[in-house]
Protein chains: 2
Amino acid sequence: MAEIIPHWLSKQANLSPDSTALELVDGGKITFLELQNRSMEMARKLAGLGVKKGSHLGILSANNLDMVYMIHAISYLGAVGVLLNTRLSDDELNYQLQDAEVSILITDDKHSSRQLQVNQVYAYDEVNEQKEMQVTLQLELNLEQPFTIIYTSGTTGFPKGVVHTYGNHWWSAISSALNLGLEKNDKWLISLPLFHVSGLSTLMKSVIYGMPVYLMKKFDVDLVHEAIMDKKVTIVSVVTLMVQRLMDKLGSENYPQTLRCFLLGGGPAPKVLLKQAQDKKIPVFQSYGMTETTSQIATLSAKDALLKIGSAGKPLLPAELKINNPGEDDVGEIIVKGPMVTKGYFKNEAANKQTIIDGWLHTGDLGYLDEAGYLYVVDRRTDLIISGGENIYPSEIENALMKIPEIKEAGVIGVADDTWGEVPVAYVVLYESISKTDILAKLSKQLAKYKLPKKIKFIDEMPRNASNKLVRKKLKELE
Amino acid sequence: MAEIIPHWLSKQANLSPDSTALELVDGGKITFLELQNRSMEMARKLAGLGVKKGSHLGILSANNLDMVYMIHAISYLGAVGVLLNTRLSDDELNYQLQDAEVSILITDDKHSSRQLQVNQVYAYDEVNEQKEMQVTLQLELNLEQPFTIIYTSGTTGFPKGVVHTYGNHWWSAISSALNLGLEKNDKWLISLPLFHVSGLSTLMKSVIYGMPVYLMKKFDVDLVHEAIMDKKVTIVSVVTLMVQRLMDKLGSENYPQTLRCFLLGGGPAPKVLLKQAQDKKIPVFQSYGMTETTSQIATLSAKDALLKIGSAGKPLLPAELKINNPGEDDVGEIIVKGPMVTKGYFKNEAANKQTIIDGWLHTGDLGYLDEAGYLYVVDRRTDLIISGGENIYPSEIENALMKIPEIKEAGVIGVADDTWGEVPVAYVVLYESISKTDILAKLSKQLAKYKLPKKIKFIDEMPRNASNKLVRKKLKELE
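Residues numbered from 1 in each chain as written. Chains lettered and ligands numbered in written order. Predicted model: local features only at pLDDT ≥ 70, side-chain atom pairs only at ≥ 80, totals over all residues. Heavy atoms only, no water.

## A word on the pairing of strand S22 (residues 375–380) of chain A
Residues and elements named next belong to chain A.
Then step 1. Extensive coverage of S22 is indicated by the burial of five of its six residues.
Then step 2. Two elements, strand S21 (residues 360–369) and S22, share five bridges in a ladder whose sense is antiparallel. Paired with Tyr368 across the bridge in S22 is Tyr376. (Buried < 20%, exposed > 50% of the residue type's maximum accessible area, 1.4 Å probe, protein only. Helix = DSSP H or I, 4+ residues; strand = E, 2+ residues; numbered from the N terminus. Pairing = 2+ DSSP bridges.)

## Re the packing of aromatic side chains
How two aromatic rings sit relative to each other is set out by the distance from centre to centre and by the angle between their planes.
Then step 1. Tallied over the full model, the rule gives 13 aromatic pairs over all chains.
Then step 2. Centroid distance Trp8(A) to Phe147(A): 6.4 Å. Interplanar angle 50 degrees. Geometry classified as tilted. Taken together, the residues span a long stretch of sequence, with Trp8(A) in helix H1 (residues 8–15) and Phe147(A) in strand S9 (residues 146–151) at a distance of 139 residues. Each member of the pair, Trp8(A) as well as Phe147(A), carries the same accessibility label: buried.
Then step 3. A centroid spacing of 5.8 Å and a plane angle of 65 degrees characterise the contact between Tyr255(B) and Phe262(B), whose relative ring orientation is edge-to-face.
Then step 4. Taking the relative accessible area as the measure of exposure, Phe262(B) reaches 0% and is therefore buried.
Then step 5. A network of ring pairs unites the aromatic residues Trp170(A), Trp171(A), Trp170(B) and Trp171(B) as a single cluster.
Then step 6. The cationic tip of Lys322(A) hangs over the ring face of Trp360(A); the distance from NZ or CZ to the ring centre is 4.3 Å.
Then step 7. Across from the ring centre of Tyr345(B), 4.6 Å away, lies the NZ or CZ of Lys160(B), which sits over that ring. (Phe/Tyr/Trp six-rings, centres within 6.5 Å; stacked < 30°, edge-to-face > 60°. Lys NZ or Arg CZ within 6 Å of the ring centre and 35° of its normal.)

## Some points on the relation of the copies chain A and chain B
Then step 1. At an RMSD of 0.1 Å, chain A and chain B line up after a rotation of 180 degrees and a shift of 0.0 Å along the axis. In short, the pair behaves as if placed about a two-fold rotation axis. The position closest to the rotation axis in chain A is occupied by the C-alpha of Leu182(A), lying 2.4 Å away.
Then step 2. In this assembly the copies share their binding face: 100% of the residues contributing to the interface of chain A also contribute to that of chain B. (Least-squares fit on C-alpha atoms with pLDDT ≥ 70 in both. Contact = heavy atoms within 4.5 Å.)

## Describing the interface of chain A and chain B
Then step 1. Taken together, the contact between chain A and chain B spans 39 residues of the former and 39 residues of the latter.
Then step 2. Interface area for chain A against chain B, summed over the two sides, is near 3,300 Å², with a carbon-plus-sulfur share of 57%.
Then step 3. The interface formed by chain A and chain B includes four salt bridges.
Then step 4. Listed by contribution, the elements that provide at least two residues to the side of chain A that touches chain B are strand S1 (4–6), H1, helix H6 (166–180), helix H7 (197–209) and strand S17 (314–315) of chain A.
Then step 5. If you tally residues by element for the side of chain A that touches chain B, the top one is H6(A), at five residues. (Buried area = accessible area lost by both parts, 1.4 Å probe. Salt bridge = Lys/Arg side-chain N within 4 Å of Asp/Glu carboxyl O.)

## Topic: the sheet that holds strand S4 (residues 56–60) of chain B
Residues and elements named next belong to chain B.
Then step 1. Read from one edge to the other, the open sheet built from six strands follows the order S7-S6-S4-S5-S9-S10, with strand pairing classed as mixed. Here the strands that pair on one side only, and so sit at the sheet edges, are strand S7 (120–123) and strand S10 (161–165). On average, adjacent strands in this sheet sit at an angle of 25 degrees to one another, irrespective of strand direction.
Then step 2. Pairing of S4 with strand S5 (residues 80–84) involves five bridges; the strand directions are parallel. Bridge pairing in S5 links Leu57 to Gly81.
Then step 3. Across the sheet, helix H3 (residues 65–77) touches S4, S5, strand S6 (104–107) and strand S9 (146–151), and the angle it forms with S4 is around 170 degrees.
Then step 4. With respect to the sheet, helix H4 (residues 90–99) is in contact with S4, S5, S6 and S9, its orientation differing from that of S5 by roughly 165 degrees. (Axes fitted to C-alpha atoms, helices over the stretch in contact; angles between N-to-C directions.)

Taken by themselves, the reported measurements are silent on function.
Right, here's the structure in full:
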C-alpha cells in the first residue's frame, strides 16, 4: 500500500512559516511560507498553460529562485519535472525532450531562444505574466508517484531518464539525516546545478528537514569560501575539484567550526587530497551515489575518516549494498537496493531489465568491501582497462599522478593496443613544468610496471561535466 | 509496493558495531554488535521452541535486558510480539492472550508462576537454557509486516490489540527525528515500561538512529534525577506526574545543559506545572499521541513552548491532523492520518470500521486548533461531562484545582444527576490540609458556576495506570 504524506513544503509552511527556506548570495531570504505561496502561485499559472497531473514539464535553467518555485509548483500539480542539463547541445536536448515526452518546456532567459523540438516553450517571465487558474492543488504526496526525471550522463550508449518518485526523494533525505544527523543550525549550500541529483536532493532536504539552503547560481570558489567563512553554512556538497580549489583559496586560514561537513561525491577522490584536507581539519565525508540512488547511498562517517582514507564508507540505513561476483582481488560490480533507489528508467524496459535484477540495481561501478564492510569504489566498469589479462583501474594511476606536486589534475583512459589489448594513457594538467620522463620515474616507484601509462599527454583543461566530474569519454575522443 | 529495508539492528551492528546501544543503571553497557549477537542467539533459541514467522509470542515482563533481546529476536524471526501489561489481573491477561492468539508466553521471574491460559509458558531462564536452532534469520524488514501488538487501556469496552508494523515503528522514529533533530550526543532515557508504546518506540529509535538508550526497570525519581545530572541523558520521555516529582527532587538546583528535552505525553498537562518548568528553564515539549499512532504524532517545539503553554503543538511531518465536526467552541474529535498510524486492531473489523474511516483514525479525543494551527487537547470524548446541556471538560477543572498549592493531584469525573444529567465530582490528593469550602471558594474565582464540582472527595492515592496516566474509569468505580 502506497504511503501518503502531507505535501512537505506546505507542512513546513505550517510548522515553521517564518523560518528561512532559502538564502541567496545577494542577502535575500525566503521563508517557508513565502516559498509555499510563490510556488502555489506558479502552480496556478502553469495550470493556465495546460500543465496538469501527469504532464511532463521540461526545465532548462541555471539555479535561480524561479527554478525553485517551478520545481515545487510541479509537485503541487502532480506533474513530472524533466530537469535538463544546460550544457547539452541542442541535439542532445532534443533527444531527451522527445524521450521524456516533454510537451511544455520552461527556460531561463539565457536558453529561451534555443531551437528545440517541443510544442510549447516559455521563459520564466512568460509564465509569471500568466493569470492564475483556480485549480485544486495536491496537498498530499503519494510516495510512489513520479516527481522528477533526470537523464544520466550516459558514458556509453544513449542517456536514460531516471525516474524519481516522491518516495525516492523522501528516503534519500531521511537516510542522509540518519547518517549526518539533523542539527538545529544546519544550513546546506547548493552550488551544484539543481538539474543534477546532488543539487535537487539538497533542495528536497530543505523542505523535508525544514532547513535553510544557501542557493548559488553555480560554483564560485570565492562565494563558496565566503559562505563558509561568514554565512554559517554547515554542510557543502562538493566534488573533488571544488575541494581542491577551496583549499587553495583557504591557504593558511582555517574554516570556522560552523562548517561540519564537506559531502564529497562524484567519484573516488585522490588520497593525497583527502590527506591534505585531514591535515587542515576539514571534515570531508567521502560518499558514493548516483542519479539512480537519488544522491548518496554510502558515506564515510566522520569518526572513520582518519582510519579509512579513500573509502566511501558504509551503505546508509535503509540501503543495502553488495559486491556482485567478486574476482580474486575481491573487486566486483557494486549492486544496491533500498527505497531511495529508482524503480526504473522512463519507458526503457530493456535498460530496466538489464539494470534492476530482483530489486537490486546494478550500478556498473566496480568496488570492493574491506573486512569491516567499508566500500572502496575502484572505477566505472566501462572505464576498466584490461591489459595483457590484468585489470588496471584508471583511478589508481590518477591517484599516483596526483601525488606528484607539479600535477594539478589527471585523467587516465585505456586505448587499444595490438600487443596488450589495451594500455593506459594519461592526460595531465600541470601546476608547473615537469618532464614526462620525470613523471614516469616518480610513478614507477608507486605502480607495477604494467600499470605505467604508455603515453603521457599534457592538456590545458581536463574535460569535466556540469558537476565537475571527470569525463573519461571525452579523453577517449581526444585519442 | 511494500518497502523493504535492511534489519535495523544488524544495520547498526554493521555501521557502528562498538557504539553503545544500551546503558544500564548498574553501569553495564551493551554495544550494537553485542545486542545483535545476543538477540540473534535468543532468536535461534526461540526457534527451538517452535517460534517461527507469524507466530504470536506473548511477553509479560518488566523492563530488563532479556526483554530487549526478546523484542529484537522476534524481529529476526518475523514473529509478532504481544506486549502485555504486568499490572493486569489474570483475567485481563487471559482475555488479551486469547484475543491475540498467543501460543507461547515468555515471562520474567516475577510473573512465571501466574496461572494463565496459554499452551506454553517459559521464563527467560528457560529460554536461555535452550539450544540454538540453526534457522534462517530475517535480515530484511518489510515495512508492511506486523511486528508488535499492544492492547489499548480501553477506557470503555474491551481492550483492543493495536497492530504495529515495522513501518509504523520506522515512521514514528523518523517523524520524531525530524521534529527533535538528531544530535551526535543524544541518549534517550526509558523509564516507562517497554510494554507501552512510549517505551517500545524509544527502543526502536535506538536501533533506527544508532543512538544509546539508558534503560531503567521502572520510573524511580532518584535514578532518573541521577541519570540527568551525571549520565548525560539528553531526552527523557515523561508523563505529568514524573515531571512534578522530578521538579520536587530538583529543588533549587538546575539540570545540566546536556538535558535537551522532556518529551511529555500521556494527556494534557496542567498549565501551572508547565509554567513552573518554564521558570526553571526545563525544556518540556508537550506532545500528543497514543498507542494507535505509535507514540507522539504532534509535539510543541521548543521555540513555541513559551508562547503556547498548554498546547500539544503541531502534527509532525509526515502526519496529518484535523478536527472532525467542530462545535461552536471549535472543539471536535481529533482525527489523524499518516504512515505511523496503525492500519488496524487485530481481528477486530467492527472496531476498525468505527475507528479508521477513509484512512483517518478517529482518536476519541476532543480538541481544537488555534488560528496558527496549534493543537489543544481538551479531553477524552468519553470523559466529557455534559451538564444541563453544557460541555464540561474534566481537565479544565483539574487544571484549576492544581493551581491550589495544597493540592498535589486532582481527578474529575462526571456522575449521573437527576436534574442536570451529569455533574462534575472532584477527587483530590493533598500535600497539606485544606477544607472543601476553601477549595470551592478558590475554584469559584477561576471557573463558571456550572463547572464547580458538586462534590469534593479526598483520597490518598490517585488511580493511575502503568504509565502513570490518570485512570478516570477507576474514579468512576469509586462512586
